Amino acid sequence: EGGGGVAAMQAKFNQRLQTVLDRITPHTTYRWLGWFAVLLLYFVRVYFLQGFYIVTYALGIFNLNLLIGFISPQVDPELEGPSLPTRKDQEFKPFVRRLPEFKFWYNSTKSVLIGFACTFFPFLDVPVFWPILLFYWFVLFSVTMKKQIKRMIKYRYLPFSFGKQKYKGKKAQAPAK
């Protein structure tokens, strides 16, 4: 019956983690600044260690996959038809992401923290020629983004919005003289 204490500690940890996540959810800018700080810390560590390029490459591929999910619509327009209006007489349907922003941030932050932890295990420092990995990642990123941008143009969706749209009523007319 010694496992009950571990399960209780894990449940308490998960509850506290959920409380922290609930508190930081509305603070998008601060969350992403924190993510950037952790990522910068990771890159500084990798730079000074002069290693762990495979871990960094895996981190890059994973985050590229998250980015694709973030900028992709939940409903695939090739399989189920376009969900956004393509003509003026069609009803507007909002863009719904396959991967919501919070989950994108959470999974990306978790992956960077796991990558950071991996830099403390020397057996994960596989010797590779890093310029080839970097070049291959940029090729993969370019090809993937080109394909994604073509889909965005073809199905006329923009996965980014810059705040809530504000509508102005009719302008007050000047009194007649």
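Residues numbered from 1 in each chain as written. Predicted model: local features only at pLDDT ≥ 70, side-chain atom pairs only at ≥ 80, totals over all residues. Heavy atoms only, no water.

1. Considerations on the layout of surface pockets
Let me state the cut-off plainly: Lining residues are those with an atom within 4 Å of a point, where the points come from a 1 Å grid over the protein atoms alone and group into cavities, where a 1.4 Å probe fits but cannot get out, or pockets, open sets with protein on both sides within 12 Å along at least five of seven lines. Grid points are joined across faces, edges and corners, and a volume is the space filled by probe spheres set on the points. Where helices and strands are cited, they refer to DSSP runs of H or I of at least four residues and of E of at least two residues respectively, numbered from the N terminus. By the convention adopted, Pro, Cys, Tyr, Trp, Phe, Met, Ile, Leu, Val and Ala count as nonpolar, Lys, Arg, Asp and Glu as charged, and the other residues, Gly among them, as polar.
Volume-wise, the largest pocket comes out at about 660 Å³. For the largest pocket, the lining is made up of 24 residues, of which Phe43, Thr56, Gly60, Leu134 and Trp137 are closest to its centre. Elements represented by at least two residues in the lining of the largest pocket include exactly helix H2 (28–49), helix H3 (53–71), helix H5 (101–118) and helix H6 (130–155). At eight residues, H3 tops the list of elements feeding residues into the lining of the largest pocket. Looking at the lining of the largest pocket, its residues break down into 19 nonpolar, five polar and no charged.

2. What about the nonpolar core?
Formally: Definition used in this section: a nonpolar core is a set of buried Ala, Val, Leu, Ile, Met, Phe, Trp, Tyr and Cys residues joined via side-chain atoms within 4.5 Å. Think of it in three bands: residues with accessible area under 20% of the maximum for their type are buried, residues over 50% are exposed, and the middle band is partly exposed, with areas taken using a 1.4 Å probe on protein chains only. Contacts: residue pairs with any heavy atoms within 4.5 Å of one another.
Within the largest apolar cluster, 14 residues are counted, with the highest numbers of intra-cluster contacts made by Trp35, Tyr42, Val55 and Val112. Counting only elements with at least two residues in this core, the list comes to H2, H3 and H5. Among residues more than four places away in sequence, those in contact with valine 112 are Trp35, Val38, Leu39, Tyr42 and Leu59. Counting residues in hydrophobic clusters, the runner-up holds 11 residues, among them Leu66, Ile71, Met145 and Met152.

3. So, the packing of aromatic side chains
Aromatic ring pairs are defined here through the distance separating the ring centres and the angle between the ring planes. Short version of the rule: Pairing of aromatic side chains requires ring centres within 6.5 Å, counting the rings of Phe and Tyr and the six-membered ring of Trp. Pairs whose planes differ by under 30 degrees are stacked, by over 60 edge-to-face, and all others tilted.
Summed over all chains, the structure comprises 13 aromatic pairs. Seen in terms of ring centroids, tryptophan 32 and phenylalanine 104 are 5.3 Å apart; in terms of plane orientation they differ by 50°. Their pairing is tilted. You can see tryptophan 32 sitting in helix H2 and its partner phenylalanine 104 sitting in helix H5, a full 72 residues away along the chain. For tryptophan 32, a relative accessible area of 22% gives the class partly exposed. Residue phenylalanine 104 is classed as buried on the basis of its relative accessible area, which comes to 10%. Taking 4.9 Å as the distance between ring centres and 20° as the angle between the ring planes, the aromatic pair formed by phenylalanine 70 and phenylalanine 104 counts as stacked. In this pair, phenylalanine 70 sits in helix H3 while phenylalanine 104 sits in helix H5, placing the two residues 34 residues apart along the sequence.

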